[in-house]
Amino acid sequence: QVQLVESGGGSVQPGGSLVLACAASGPIVRNSAMYWYRLVSDKQRNLVAFISRDGVKNYADPAKGRFTISRGATEHQIVLQMNDLRPDDTGVYYCSADLVVQTGGPLLRYWGQGTQITVSS
């Protein structure tokens, strides 16, 4: 069974930094892309950062210049370095991935459980 597990959440003061990590595990035969999202309502999660299998990266405007997404130790791990954090960065952050879990099967979207980040004085 494929699982995505986030770690690194917590509380920081404005201007501080945090590092989030995500590891996907299970019978993954292809990892096309991995993502970080932030929950903004009970119905919507907004993209924060993206990295493709080939290393192409993209960021939402609020993250540009402050956050950096990168691969971890394996192609199924990603890291989000978050600097100069602001109170409006507060929220639950979710790791997501586009994965093939069966040889010849479809590319599907998988989600982690989320990790809380709180930025306050």
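Described below are features of the structure shown in this document.

Rules and cut-offs
Residues take numbers from 1 onward in each chain, read along the sequence in its written order. Side-chain atom pairs in this predicted model are given and counted only at pLDDT of 80 or more, local residue features only at pLDDT of at least 70, and totals for whole chains, interfaces and linings cover all residues. Think of the side-chain values as coming from all heavy atoms in the structure, minus any hydrogens and water. Cysteine sulfur atoms are paired as a disulfide whenever they come within 2.5 Å of each other. Runs of E in the DSSP output that reach at least two residues are strands. Runs of H or I that reach at least four are helices, and both are numbered from the N terminus. Only protein chains enter the accessibility calculation, which uses a 1.4 Å probe; a residue whose area is less than 20% of its type maximum is buried, one above 50% is exposed, and one in between is partly exposed. Residues are said to line a cavity or pocket when one of their atoms sits within 4 Å of a point; the points come from a 1 Å grid over protein atoms alone, cavities being sets where a 1.4 Å probe fits but cannot get out and pockets being open sets with protein on both sides within 12 Å along at least five of seven lines. Grid points are joined across faces, edges and corners, and a volume is the space filled by probe spheres set on the points. Any residue that is not Ala, Val, Leu, Ile, Met, Phe, Trp, Tyr, Cys, Pro, Asp, Glu, Lys or Arg is counted as polar, Gly included; the first ten are nonpolar and the last four charged.

## Concerning the state of the cysteines
Part 1 of the reasoning: All told, the structure shown has one disulfide when counted by the stated rule.
Part 2 of the reasoning: Disulfide partner of C22: C95, at an S-S distance of 2.0 Å. Its S-S torsion of approximately -80° makes the covalent link between C22 and C95 left-handed. With a gap of 73 residues between them, C22 in strand β3 (residues 18-25) and C95 in strand β9 (residues 91-100) connect regions that are remote in the sequence.
Part 3 of the reasoning: Overall, the relative accessible area of 3% leaves C22 in the buried class.

## Here we look at the layout of surface pockets
Empty space among the atoms becomes visible once a probe the size of a water molecule is rolled across them.
Part 1 of the reasoning: Estimated volume of the largest pocket: approximately 170 Å³.
Part 2 of the reasoning: Per-element accounting of the lining of the largest pocket gives the leading share, three residues, to strand β5 (residues 45-52).
Part 3 of the reasoning: The residue inventory of the lining of the largest pocket, partitioned by class, reads seven nonpolar, one polar and five charged.

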